[in-house]
Amino acid sequence: MSYFEAIEVSKKYANHLALDKVSITVPKQSIYGLLGPNGAGKTSLIRIINQITAPDEGQLLLNGHPLKPSDTAIIGYLPEERGLYKKMKVGEQAMYLAQLKGISASVAKKRLVYWFEKFDIMNWWNRKVEELSKGMQQKIQFIVTIIHEPELLIFDEPFSGFDPINVNLLKEEILHLQSKGATIIFSTHNMSSVEELCDRIALINASKKVLEGQVAEIRKQHRTHAYDVKISHPHTSIRQLLPEQFTVLNEISLPENQLQLTIRTSGSSRSNDLINALVHHCEIISYNEILPTMNEIFIEQVKATKPNGHE
Amino acid sequence: MNKIFLIIRREYLTRVMKKSFIIMTFLGPVLMALLMIVPAYLATLSDMTERKIAILDETGWFMGKFENGDNMAFESVFNDLESEKEKLKSGKFDALLYIPKPDLNIPVNAELFSLKQASMNVTSYLRNVLKTEVENRKLLASGIDPEKIKSSKTAINIIAIKLTDDGTESRSYTEVEVGLAIFSGILIYFFIFMFGAQVMRGVIEEKTNRIIEVIISSVKPFQLMMGKIVGVALVGLTQFLLWVVLTGAIYLVFATVANGSAIPSASVMSQAQGLQTEALAASGSMSAQGNLSMVMEVIDSINFQAMIFSFIYFFLGGYLLYAALFAAIGSAVDNETDTQQFMLPVSLPLILGIVMANFIVNNPDGPLAFWLSIFPLTSPVIMMIRIPFGVPFWELALSMALLAAGFVLATWLAAKIYRTGILMYGKKASYAELWKWIRYH
């Protein structure tokens, strides 16, 4: 069941089309990755979902209803360009931003204390933001994004500016929020985190959606039928042993008389044919298919749909 | 509505709690009081030193013409210039005036030697004496008796009396009114610029801090802009009222000390307000000082309730109008140095108001004064200048209505620029760009 849906959304700025009939469907309680190179239109779409700007065409549905202004109270947004008032005290500022999201002062206080204690930053409460490091500020920013317990969370490049420890902390929190029922949209360039976290993705390039689906499925669709095989060293050269529909892309000799191979199949032959071809000449130690990484798919797709030349 | 209130509260509190605000609030009245007290004090001080001036008069015309004054004593000397110069250097006198023998009956090229720079007072007195004497001689040479000329000179005093609609006559004191007019005009100008710039800086701060996008995902850009403008307006009003009360208190203390008469402490606070207004009038017109009863009469003749009401109205109206424009400028740039190109056309009408001030007080009911006091961009300053001279009710009402309309229009325009501008980074906006933003639906 879909929680959020954008249907044929277009947005035109003075002299370029930022979004060209983009549709996405975000299932309830999923983590949805919005991918695309810089300037593809991700931020435009995210701003439209947050009702910061209005689309020129298209429809937006939240929980089956058209998006309305009061929905900002159930959306949490962490923009890519983020910051805090430098001269304001941390606690005061978090209270202010929480109340702007429509929760009362007493509730805000209670929840902030919970999160500050959880992140072990209670002693920052009365310090000015400018005294904190960038990573510390990001933690505060994360807390104020989720403080109103939104149903829909939108993170634009959430991991930029975090050290690896905090990236992990953040990932855990994101997964935790999902398990509690939140639906999460996040845009990123970090493809490893996409494979790790996302259930579904949409790839946007040059204002158009070029790919959408489940991560596992997309990787399968883009497979090149290549396999990683580890075998015991055969008596003759492996290249001569294999029929011609199998191409050895790479060959590494390992200790204990073992061989590491990368083999691509072509034509109609599939993995069982390769096993059959190998099994008579040597012992198969390990065998697995190489699926393309999201990173490779991303680069391939972006190159295939060449952007038509705006900056 | 609740969210706008939150924004106003933040904008107000963060500014009022700032050290600079507190310092300005207390320093302002002290500076203002000093501005009034120090010149008066210095004036009494400079009269004390006496200068001895030697006159070396080769013409012999000016014997006995120089009269010893408060701070000048004259002595005629008769040696040659060089030896008198030596005496000057040895400190026998402070200055030496040398009047050489005239060629062709045209003298008036006297030389004044002194060890220290001669003051304006001294030179202008000397010039005056020389001039009068030479003129008299010329008159005599052409057969006219200078005494007759002197006796024909007449002093004419015009007592201006304003005839009001209900038939009562009141003596008007133009000098006091001019002072009051210019003072309130400058005050409005100063307040609009100071607090308008604060709004602009606040917008730029939110943009450069990159907090703007977080906030406008919770509230509408218009709410944020109006919250900021209203919050800063309240800061301005707070500062103004504190200044009025504090200046009044300082003036009161000073006046009490100066008069040596004790005023019962219970009445101090209640009188502070009244004395403040007196202070305004007195500082505006130095010539009215020294004649307290006249000043009091003038103050009675001015409708202060109307003045304070109009001041607050035109301050708020003018501020709101300009603050909206300043907010739009702030949203269109990335940092304060880029504001220049937009600041100039916006501040030009305000500056025009101040430049025109002198002209307006000379002709407070003329067509230029009328039009400038109706046009919303100049009316806050110009109307405040006109009010002490009396403005027909319909003109005041028209000006106020147009100012309100101007504010609505400016806010509408500014909101359109603002909501696009705050999300634009790294691009230097041009006027063409701004026009495009305004036309976005």
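Residues numbered from 1 in each chain as written. Chains lettered and ligands numbered in written order. Predicted model: local features only at pLDDT ≥ 70, side-chain atom pairs only at ≥ 80, totals over all residues. Heavy atoms only, no water.

1. A few points about the overall build of chain B
- Along chain B, the regular secondary structure elements total 16 helices and six strands.
- By the burial criterion, 45% of the 441 residues in chain B qualify as buried.
- Counting only contacts in chain B whose residues sit at least 6 apart along the sequence, the fraction spanning at least 24 positions is 69%.
- In the form shown here, chain B has an accessible surface area of approximately 23800 Å², with 64% of it arising from carbon and sulfur atoms. (Helix = DSSP H or I, 4+ residues; strand = E, 2+ residues; numbered from the N terminus. Buried < 20%, exposed > 50% of the residue type's maximum accessible area, 1.4 Å probe, protein only. Contact = heavy atoms within 4.5 Å. Areas by Shrake-Rupley, 256 points an atom, 1.4 Å probe, with all protein chains shown as cover.)

2. A word on the interface of chain B and chain A
- Facing 24 residues of chain B, the contacting portion of chain A comprises 26 residues.
- In this assembly, chain B packs against chain A so that about 2400 Å² is buried in total across both faces, 57% of it on carbon and sulfur atoms.
- Where chain B meets chain A, there are one salt bridge.
- Across the pair A:Arg47 and B:Glu213 runs a salt bridge, and its minimum N-O distance is 3.0 Å.
- Connecting chain B to chain A are eight residue pairs in polar contact (both at pLDDT 80 or more).
- Every element with two or more residues in the side of chain B that touches chain A is listed here: helix H1 (2–16), helix H6 (174–209) and helix H7 (212–216) of chain B.
- When residues in the side of chain B that touches chain A are grouped by element, the largest group, seven residues, is from H1(B).
- For the side of chain B that touches chain A, the class distribution of residues is nine nonpolar, five polar and ten charged. (Buried area = accessible area lost by both parts, 1.4 Å probe. Salt bridge = Lys/Arg side-chain N within 4 Å of Asp/Glu carboxyl O. Polar contact = N/O pair within 3.5 Å; in protein donor to acceptor, adjacent residues only side chain to side chain. Nonpolar A, V, L, I, M, F, W, Y, C, P; charged D, E, K, R; others polar.)

3. Quick notes on helix H16 (residues 431–439) of chain B
Residues and elements named next belong to chain B.
- Among all positions in H16, only Glu-433, Leu-434, Trp-437 and Ile-438 are buried. The buried residues of H16 occupy an angular sector of 140 degrees when the element is viewed end-on, so they sit on one face. Set apart from the buried face of H16 by more than 90 degrees, the exposed residues are Ala-432 and Arg-439. (Arc of directions from axis to C-beta.)

4. What about the pairing of strand S11 (residues 226–232) of chain A?
All names here are of chain A.
- Bridge analysis of S11 against strand S13 (residues 258–265) gives seven bridges, and the strand direction is antiparallel. If you follow Asp-228 over to S13, its bridge partner there is Thr-262.
- Here S11 pairs with strand S14 (residues 284–290) via six bridges, running antiparallel. Paired with Val-229 across the bridge in S14 is Tyr-287. (Pairing = 2+ DSSP bridges.)

5. Observations concerning the sheet that holds strand S2 (residues 16–27) of chain A
Residues and elements named next belong to chain A.
- One open sheet holds the four strands; their spatial order is S2-S1-S4-S5, and the pairing between them is antiparallel. The strands lining the two open edges of the sheet, one partner per strand, are S2 and strand S5 (65–66).
- On top of the sheet, helix H1 (residues 42–49) reaches strand S1 (2–13), S2 and strand S4 (57–62); it is set at about 60 degrees to S2, its chief contact. (Axes fitted to C-alpha atoms, helices over the stretch in contact; angles between N-to-C directions.)

6. Details of the pairing of strand S6 (residues 75–78) of chain A
Residue and element names in this part refer to chain A.
- Neither face of S6 is left uncovered, since the one carrying Ile-75 and Tyr-77 and the one carrying Gly-76 and Leu-78 both have all their residues buried.
- Taken together, the four bridges between S6 and strand S7 (residues 152–156) define a ladder with parallel strand orientation. In the sheet register, Gly-76 faces S7, and the bridge partner there is Leu-153.

7. Looking at the sheet that holds strand S4 (residues 111–114) of chain B
All names here are of chain B.
- Strand order in the open sheet formed by four strands is S2-S1-S3-S4, and the pairing between neighbours is mixed. Among the strands making up the open sheet, the edge pair consists of strand S2 (72–77) and S4. The mean angle between the axes of side-by-side strands here comes to 25 degrees, regardless of whether they run parallel or antiparallel.
- For strand S1 (residues 51–57) and S2, the ladder comprises six bridges, and the chain directions are parallel. In the strand pairing of S2, Ile-53 is matched with Phe-74.
- Here helix H3 (residues 81–89) sits on the sheet and contacts S1, S2, strand S3 (95–99) and S4; the angle it forms with S3, its principal contact strand, is near 165 degrees.
- In the packing of helix H4 (residues 120–141) onto the sheet, contacts are made with S1, S2, S3 and S4, and the angle to S2 comes to roughly 55 degrees.

8. Digging into the confidence of the model for chain B
All names here are of chain B.
- Confidence in the prediction for chain B averages 78 pLDDT; 80% of positions are at 70 or higher.
- When pLDDT is averaged over each helix and strand of chain B, the minimum, 44, is found for helix H9 (residues 268–284) and the maximum, 92, for H1.
- Here residues 261–290 is a poorly scored stretch, pLDDT under 50, and it has 38 contacts once near neighbours within four places are set aside; other chains count. (pLDDT = per-residue confidence, 0-100.)

9. Topic: H1(A)
Residue and element names in this part refer to chain A.
- Buried residues dominate H1, accounting for seven of its eight residues.
- Along H1, the residues classified as buried are Lys-42, Ser-44, Leu-45, Ile-46, Arg-47, Ile-48 and Ile-49.
- One or two positions beyond H1, positive phi appears at Gln-51, with a value near 60 degrees.

10. What to know about the pattern of salt bridges
- Scanning the entire structure with this criterion turns up 24 salt bridges over all chains.
- We note a salt bridge from A:Asp71 to A:Lys68, for which the minimum N-O separation is 3.4 Å.
- With relative accessibility at 41%, the residue A:Lys68 sits in the partly exposed group.
- For the salt bridge of B:Glu336 with B:Arg201, the shortest nitrogen-to-oxygen distance reads 3.4 Å. Of this pair, B:Glu336 sits in the loop between helix H11 (304–332) and helix H12 (340–362) while B:Arg201 sits in helix H6, and the two are 135 residues apart along the sequence.
- Accessibility expressed as a relative area gives 39% for B:Glu336, which makes it partly exposed.
- The class for B:Arg201 is partly exposed, based on a relative accessible area of 41%.
- Beyond isolated ion pairs, a larger network of salt bridges with shared partners links B:Arg10, B:Glu11, B:Arg15, B:Glu206 and B:Lys228.

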